[in-house]
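The residues making up each chain are set out below.
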Amino acid sequence: MPGSATALDDAVDAAAKAGIPFITAAGSITSPNAINVDSNYARWGYDMMTAIGKVKPDSSVLVVEGIGGHPIVVQEKQGADKALSENKGLKVARTVNGNWTANVTKTVVLQAIAINPAPIDAVWTTGSESRVVAEAFAEAGRPAPLITGSITGDALGYWKANPDKYRFEGHAVLPGWTAQTLFRVGERMLDGQKPKLNTLLIPIPPVHAAELDKWYKDCMTPDAVSVFPVPPTDPMPEDVLDAYFTNPAATKGWDYSKVPDACAK
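Note that the coordinates shown come from a computational prediction; the quantities given were computed from them, not determined experimentally.

Glancing now at the overall build of the protein chain. What the protein chain contains, in helices and strands, is nine helices and 10 strands. Against the 2.2 N^0.38 benchmark of 18 Å for 265 residues, the protein chain shows a C-alpha radius of gyration of 20 Å, consistent with a compact globule. When burial is assessed residue by residue, the protein chain has 48% of its 265 residues classed as buried. Per element, the accessible surface of the protein chain, about 12,600 Å² overall, is 57% carbon and sulfur. Each charge class in the protein chain can be summarised by its mean position, and for the 24 positive and 29 negative side chains these summaries are 3 Å apart.

Structure follows, in structure tokens:
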């Protein structure tokens, strides 16, 4: 998981000369010798804002971004802006930075609510802090907005305890399936399979309000910030992953049904 798009390039190129494959996740690097397993965050930002427009075409939206200037944040905002241009009924009430951090997100959301007495129908976020956003609106005595973002165990626990205070339409950017896809691409490469591109954009699993019960498990409470749900079905079926390789074959030893449960210890 590279912290820089360029800092590892020399090491990756040296590895390639030695016949050692190099694969990244959760961030791409510029060396053509790396295989980057990532996702289209611009599309994610677009899909989340579009979901708001589908639920309520005329909405006032609070935009909560991550760390200002981060490449992923820039991509997500590009997608959101495209969706806003296509959904003229959506109006941005205010834009704040939550820094992908729960306490920062809650503080800036409370501040935004305080200086915006007009109704806020939805909150477009790009992180895993949907629970604290819902809590902020509840504490301020404001109606529950539709919240986008990445689903988490604590958010599902909050939903279970407060079904009337949590509304969600988003996706699942989760460490589990990210690691699984990284492993599967690596295993296939070691098996001699050739990726068609050096950046493989993996779709992010969608999560809809009507199916939150399929993601919820008993171990998920509002305090379960280290518990991440497991997609009920494989978000990257083998036949879909096949399309990323020129000479595909099933991942050896892989069986999604054996992925540990979210509550497994």
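On to the nonpolar core, then. Ranked by internal contacts, the top residues of the largest apolar core, which has 59 residues, are Met49, Ile151 and Tyr166. The dominant element in this core, judged by the number of residues it contributes, is helix α2 (residues 41-55), at six residues. Beyond its immediate stretch of four places on either side in the chain, Tyr166 contacts Ser130, Arg131, Ala134, Ala144, Ile151, Ala155, Tyr158, Trp159 and Leu212.

Once that is clear, we can look at the sheet that holds strand β4 (residues 91-97). Strand pairing in a sheet takes place through backbone hydrogen bonds and is either antiparallel or parallel in direction. Spatially, β4-β3-β5-β6-β7 is the arrangement adopted by the five strands of the open sheet, whose pairing is parallel. One side of each edge strand has no neighbouring strand; the edge strands of this open sheet are β4 and β7 (167-168). Here strand β3 (residues 60-65) runs beside β4; their pairing, made up of six bridges, is parallel. Its bridge partner being in β4, Val61 is matched across the sheet by Val92.

This part covers helix α7 (residues 175-190). For α7, spanning 16 residues, the distance from its first C-alpha to its last is 22 Å, which sits close to the expected 22 Å at 1.5 Å a residue. All buried positions along α7 are accounted for by Trp177, Thr178, Gln180, Thr181, Arg184, Val185, Gly186, Glu187, Arg188 and Met189. Tucked inside the fold, the buried residues of α7 contact β1 (22-25), β2 (34-38), β9 (199-201) and α9 (238-242). Directly after α7, the chain includes Gly192, whose backbone phi takes a positive value near 95°.

Considering all chains together, one arrives at four aromatic pairs under this definition. Here Tyr166 and Phe168 contribute two aromatic rings whose centre-to-centre distance is 6.0 Å and whose plane-to-plane angle is 5°, an arrangement assigned as stacked. Centroid distance Trp254 to Tyr256: 6.4 Å. Interplanar angle 55°. Geometry classified as tilted. The exposure class of Tyr256 is buried, given its relative accessible area of 13%. Clustering of aromatic rings is evident, with ring pairs tying together Tyr158, Tyr166 and Phe168.

The rules behind the values
Residues numbered from 1 in each chain as written. Predicted model: local features only at pLDDT ≥ 70, side-chain atom pairs only at ≥ 80, totals over all residues. Heavy atoms only, no water. Helix = DSSP H or I, 4+ residues; strand = E, 2+ residues; numbered from the N terminus. Rg over C-alpha atoms; globule rule 2.2 N^0.38 Å. Buried < 20%, exposed > 50% of the residue type's maximum accessible area, 1.4 Å probe, protein only. Areas by Shrake-Rupley, 256 points an atom, 1.4 Å probe, with all protein chains shown as cover. Lys, Arg positive; Asp, Glu negative; His and termini not counted. Charge placed at Lys NZ, Arg CZ, Asp CG, Glu CD. Core = buried A, V, L, I, M, F, W, Y, C linked by side-chain atoms within 4.5 Å. Contact = heavy atoms within 4.5 Å. Pairing = 2+ DSSP bridges. Expected span 1.5 Å × (residues − 1). Phe/Tyr/Trp six-rings, centres within 6.5 Å; stacked < 30°, edge-to-face > 60°.

Worth remembering: the numbers are spatial, not functional.
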